[in-house]
Structures are given as C-alpha cells and as structure tokens.
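# Structure assessment
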Amino acid sequence: MSPEPYKGTRRKLVLAFDVGTTFSGISYSILDPGQIPQIYEVNRFPAQEQVTGLAKIPTVIYYDREGSPRGIGAEALTENIFELAENENWVKVEWFKLHLRPGSASTDHISDKLPPLPPNKVAIDILADFYRYLFQCARDFIQESHANGPDVWLSVKTEIHFVLSHPNGWGGAQQTLLRKAAIKGGLIPDSDSGRERISFVTEGEASLHFAIKHGLPTRATTPGDGVVIVDAGGGTIDLSVYSQGANPLKQTFEEIAQPQCHLQGSIFVSTRARDFLQGHLAQSDFYDDLDHIVTCFDKTTKLRFRDADEHKFIKFGSVRDNDPECNIRLGQLKLSGTNVSSFFEPSVRCIVEAVKEQRRSAHKNFTHVVLVGGFAASDWLYKKVSESLQPLGYTVVRPDHHVMKAVANGAISYYINHYVQTRVSGVTYGSLGKIAYDPSNLEHKLRSSKATTSASGGQEIVPYFWVILEGNKQVPESNEIRRSFHWHIANLSSLKESRDEIYSYAGNIVNGAFMDVNKEKFSKLCTIEADVSHLANSSSIETMYGPKGRYYRFSCDIVLSFGGTEIKAQLAWRENGVEKRHVFSHCQGEDRE
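What counts and what doesn't
- Residues numbered from 1 in each chain as written.
- Predicted model: local features only at pLDDT ≥ 70, side-chain atom pairs only at ≥ 80, totals over all residues.
- Heavy atoms only, no water.
- Phe/Tyr/Trp six-rings, centres within 6.5 Å; stacked < 30°, edge-to-face > 60°.
- Lys NZ or Arg CZ within 6 Å of the ring centre and 35° of its normal.
- Buried < 20%, exposed > 50% of the residue type's maximum accessible area, 1.4 Å probe, protein only.
- Helix = DSSP H or I, 4+ residues; strand = E, 2+ residues; numbered from the N terminus.
- Pairing = 2+ DSSP bridges.
- pLDDT = per-residue confidence, 0-100.
- Contact = heavy atoms within 4.5 Å.
- Axes fitted to C-alpha atoms, helices over the stretch in contact; angles between N-to-C directions.
- Salt bridge = Lys/Arg side-chain N within 4 Å of Asp/Glu carboxyl O.
- Expected span 1.5 Å × (residues − 1).
- Parallel < 35°, antiparallel > 145°, perpendicular 65-115°, else oblique.
- Nonpolar A, V, L, I, M, F, W, Y, C, P; charged D, E, K, R; others polar.

We now examine the packing of aromatic side chains. The relative placement of two aromatic rings is captured by the distance of their centres and the angle of their planes. Taken as a whole, this structure holds 19 aromatic pairs when the rule is applied. Aromatic ring contacts, followed pair by pair, group F17, Y131, F135, W153 and F162 into a single cluster. One residue, R398, lies across the ring of Y382, its end atom 4.2 Å from the ring centre. Looking at R447, its charged tip hangs above the ring of F514, at a distance of 4.1 Å from the centre.

Written as structure tokens, this is what we have:
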C-alpha cells in the first residue's frame, strides 16, 4: 500500500524516544499537511565518536555528589568524564529502566543484579534527566541538519507530540511513571493538554511497524499465516504475534496472541559471564580487575561469538599480565567456547520456549519469526534460535536494515500508520465490587466474617473482582467492553459520588474471583470518580423494597476501550433516557515510584 499524505491542518513534529536498558535512540517526523511523512533518525550525538552505532547512545548517566547529571550518553564514556568521575566520586547509573519494571515474584530475582541508584534518587528522576537530554539532542540535530534548521524548529516547537516506547509487559502503572518522568524532564507541561501530547507504544508493536517497512516476510502477510516479532533488547525480550487483517484494500494487522515480556536480554549474558568469572578468578591477583574484564567481554567477546567449538579470548590487559592457573596469558583471558555458549543458553531457550507457547495460545497460526533489537545482532543468538525453531516449521529472519533502530523508527510509524487494529488482552480487567452472600457456597462460608448487610437487607461480601474483559481475548480497538453494576443505597441524600476501582489480574478469570487469593496478581489501574448527586430523580435510580423496607438502586455501566496501547475507562448511566458518561481519560495505574 502506498503511504498516505498527512491529513492534519498544521505542521507538527513527532518525536519517538526509545530508552533501552543499554542503548537509546531517537526518531522523528515533521508532518506537513498534504505531504507524505518521512521518518528520520537522530544519528549524531555529543561525543558520538566514542561509540559505535550512530543512531544509538549508551543509556548511562554520571551524577556528581550533589545529585546533578554531569555526563550522559556517549559523553559518559569519554576519558575526561571517566577521570573526573574517579576523582570526584561521581556515581555511574545504568540499567535504570529495569527499576521501573512491574513488581512480581518472577522478576524479584534480578534486583540484586541491577546497579544501585544514587542517594535520594528514584528511577523516574533518572529517566526525567535522560528524557531531557534526548530532547536537547533532538532539538540540536534538527536545527543543525535541516535546511533553515532554526526556522524549522521555530515552526514546530509548540506542536510536538511524543511517542514513548516501553516493554510489552508494562501497563498502566508503568505508563504513569513514564508520563511523570516526561513532565519532570520538561517534555510536556503538567496539564490535561500536556498529557494528551504523549502516546505510548509497546516495543513489540513498534517493532512490527518497523518490520513492515524493512523485512517482513511476504508469506507472513498471506491469509492463514502470521508472524511473531521477537524484540531482543538489552534488558527484555518481547514477543508479539500478528496476522494480516481481512480487508485487502487496507494494510492492517491484528494481534493474535497475548504479548510476552521476559527479562532475558543481552545484559543477562553479561551477568552470567560475571558470575562465572567471579568464581574463576577468586584466587587470582586479577580478581580486582573483574569489572574491567566483564566490560571487555561485553564490548568484544560477546559481540563476536559465533562458534562454541573454538576458544574465545577477553583482551583486558598488557603483555605483562599473566596467570597460567586462570588461563591468562599476555593480557588475555582464554575461555572455552562451551562456557561462552552457556552464558547465552538461557536467553536462547527463553525465546524458543516463548515462541512455542505463543503458538499454543494464539488465535491463529503463524510460521514466521522476525528477530529485531540490539541483541538480535548477535550471530550466535540468531544461529541457535534458528537451529531450534526451523525443524518445527518456522522461518526465522532478521531485517536487512539495522535491527537496533527498530523500536524508535517503528514508534513513529505507529503514530503515522497505526497498522494494528485489533489487540489481545494481556491480562484480565475488572472492577472492585461486592457479591451477594450465598451460605451454601463453601468459598462464601469461608469468608462469612466479611459479610455485611446492604441497604436491600441482603448480605454481601467484599472485596470481589468482577471481570469486565477476560485475558487472551481479541479486542478491535473500535470496540467498547462494558459490564453493568447496581449499587444499593438507603436514601437519596447519600447519592453523592460514584467511586469505582479498576483492577487487572495477571491471569485468566472467567466471571469473578475473591481478591484474597493470588493477591500478588492483582494491580490497581485507576479509580473512576463521578459526581452523581444530581441523578436522584433520573431513570438510573429505581425505588426498591426489601426486608428493611424501601431502598434505591443506582444502575450504571463501566466501559473500557482500547484505542491504542492505553486503556481508557468510563462510567455510563441513563439520564432522562439519554446515556451520559464520565470519562477517566487513562487507566494510569497506581501512583508509585
């Protein structure tokens, strides 16, 4: 399909920030009415000559003892900054993105692997500083790279929309933190209009948009087939499965399986290498060089590894550095290829097993696997994943274009083209409520002490999770999902405010569940608060009679919509025969850091 001209009425700049665990990038598009959008990368950064990969910079910040950022991105790797950091006791911060991850027992084990944050700093403080730096880099690049660059910037600086990418496993709570960091970093003002200038996209969906333009197999878009996008990055491995939409006149895609996110990115190859080397060098004079040796492994050995049958070397010192007992000769530490392979093996196994799980749960078939992301540049990872999946009938490919640019470029394409029209619910969504007490039900009897008498005279148990949308359900983004609820009140004077709490559950529930079981799987997304005091005489209020006499029933619907990768929640009721709504714009999650 040919790209369409921009249909807006005013020039706009769209900036996509891909803050990765280890590397970050920026893409952008200047949208002019009637013109076909072009996607550009920021490929020049301060001190960029110190690193490889022009469209990426290291996700690193140095803070001084007062907590001020002193070196960011490629600048943090310069010899001058390194010397100052050593002399002034600055704190190096990296991998900070993973401090924002959703909390769960399955990810708690990596906490000890993450470098600590500076004193009196939380993760969104670090992210805010990094966002501010990326914005400055984008501004400078546009002004310096475009004809009449300063005039171009002046024409768009008040019309900027930001697209922020995040791992598949992140939801409303993490989006809230990203939005707070964007406000703190000066990207947008702290206002409703400011918050509307931010969109979120999962790394999986952004990678699909990139692959559509740069290497999606033709057969993957034929009826009856699909593709799993494996975004293998520094911290996470994200899997998303799609198939071509049914409309032959429009290029659209539908998600056909629950997206997955695994903490098995390339940094965990390095942490496994560190664990091995820590034991290997325990009795060596070179044990104090462990950090430097792991850094050298990261920059050379890990990237070049291709053959488990050959010995590999970590060059870290001079010809005078020798320790035969530890296989160190002439400043090089020799490792067997088998050992190096073992550092990769859990990540390879993770991808293979995740693809197989996606096939079991997918709503449609797929036979293609597209590897993108910085970790996908590893020939060894690509080779081992291909060897494992090809006998099962999969075709495994890597796009021709640089896989490290996939998320930032794809995030811009997501904003412009919006190919995905149907998504799969990754969790179960529902509302906090009550359930009528049933003394014949064992589960109810176990909770009899929690039963209270309602205005109707009946007994109820709280809290109870009522399902609005089950997990692993395909939802067209144009659809709304709703469930009706009824609230009993003793008198109309108490009808003042409706307060409904929306939760997610990391699993599948069909109708409802008590929330004191698997408590760690429930997460509060948002609270919908609406003034309903004026509805006393509306059709939403019914007069009822029960054992305690007259009471009133307020009927309403909770409505969820999935227009994009964010969830929106609304409260709906009837007022003089007309449906009215209170919009809680985004299910942003609990306000935590």
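Don't stop here, the text continues.
With eight of its 11 residues buried, strand β22 (residues 459-469) lies for the most part within the structure. Strand direction decides the pairing type here: strand β20 (residues 428-436) and β22, joined by seven bridges, are antiparallel. Following the sheet pairing, A436 is matched in β22 by E460. Note: strand β21 (residues 451-453) against β22, three bridges, orientation antiparallel. Directly across from A451, in β22, lies its bridge partner I461. Counted along the chain from β21 to the antiparallel partner β22, the turn is five residues long, and its residue G457 has a positive phi close to 95 degrees.

One open sheet holds the three strands; their spatial order is β14-β16-β15, and the pairing between them is antiparallel. A single partner strand is all that each edge strand has here, and the edge strands are β14 (312-315) and β15 (328-329). Summarising the sheet, β15 and strand β16 (residues 332-335) pair through two bridges and their orientation is antiparallel. Directly across from I328, in β16, lies its bridge partner L333.

Mean pLDDT over the chain works out to 90, with 94% of the residues at or above the 70 mark. Scored below 50 in pLDDT, residues 589-593 shows 18 contacts in the model against residues more than four places distant or in partner chains.

In spatial order, the strands read β6-β5-β7; together these three strands make up an open sheet with antiparallel pairing. The strands lining the two open edges of the sheet, one partner per strand, are β6 (69-72) and β7 (91-94). The mean inter-strand angle of the sheet, taken between neighbouring strand axes irrespective of direction, is 25 degrees. Bridge analysis of strand β5 (residues 60-63) against β7 gives four bridges, and the strand direction is antiparallel. In the strand pairing of β7, V60 is matched with E94. Together, β5, β6 and β7 form the strand contacts of helix α2 (residues 123-145), whose direction differs from that of β5 by roughly 110 degrees.

Below, the discussion takes up the pattern of salt bridges. Taken as a whole and judged by the stated rule, the model has 38 salt bridges. Salt-bridge contacts for K97 lead to E203; the nearest nitrogen and oxygen are separated by 2.7 Å. Placement of the pair is K97 in the loop between β7 and α2 and E203 in helix α6 (residues 203-213), with a sequence separation of 106 residues. There is no split in this pair, since K97 and E203 are both buried. Close ionic contact of R482 with D557 constitutes a salt bridge, the shortest N to O distance being 2.7 Å. Taken as a pair, R482 in strand β24 (residues 480-489) and D557 in strand β29 (residues 549-561) lie far apart in primary sequence, 75 residues in all.

The next subject is unusual backbone geometry. If a residue is not glycine, its phi is most likely negative; likewise, a peptide bond is most likely trans. Across the junction of V462 and P463, the peptide omega takes the value -5 degrees, indicating a cis bond. With a phi angle near 60 degrees, N89 is a residue other than glycine that sits in the positive phi range. Mapping N89 onto the fold places it in the loop between α1 (79-88) and β7. Of note, the phi angle at N148 is positive, near 55 degrees, even though the residue is not glycine.

Let us look at the environment of G235. Of note, G235 is situated in the loop between β10 (226-232) and β11 (237-244). Residues contacting G235, with those up to four places away along its chain left out, are T21, L98, H262, L263, Q264, G265, I267 and F268.

The end-to-end C-alpha distance of helix α11 (residues 406-417), which contains 12 residues, comes to 15 Å, matching closely the 16 Å that a straight helix rising 1.5 Å per residue would cover. Among the 12 residues in α11, nine count as buried, and that is most of the element. A406, V407, A408, N409, G410, A411, I412, S413 and Y414 are the residues of α11 that are buried. At the C-terminal side of α11, H418 shows a positive phi close to 50 degrees.

Once that is clear, we can look at the environment of E94. Inspection of the secondary structure assignment puts E94 in strand β7. Overall, the relative accessible area of 24% leaves E94 in the partly exposed class. As a C-alpha pair, E94 and R70 span 24 residues in sequence and 14 Å in three-dimensional space. With near-sequence residues (within four places) excluded, E94 lies in contact with T59, V60 and P115.

Another point: the side chain of T271. Following the sequence through the fold, T271 ends up in helix α7 (residues 266-280). T271 sits in the buried class, given a relative accessible area of 8%. Apart from residues lying up to four places away in sequence, T271 is in contact with W95 and K113.

Between α2 and helix α3 (residues 149-156), the shortest axis-to-axis distance is 7 Å and the interhelical angle comes to 130 degrees. With respect to α3, the axis of α2 lies oblique. Along its contact with α2, which presents F135, R139, I142 and Q143, the element α3 presents G149, P150, V152 and W153. Residues that form the contact of α2 with α3 fall into these classes: five nonpolar, two polar and one charged.

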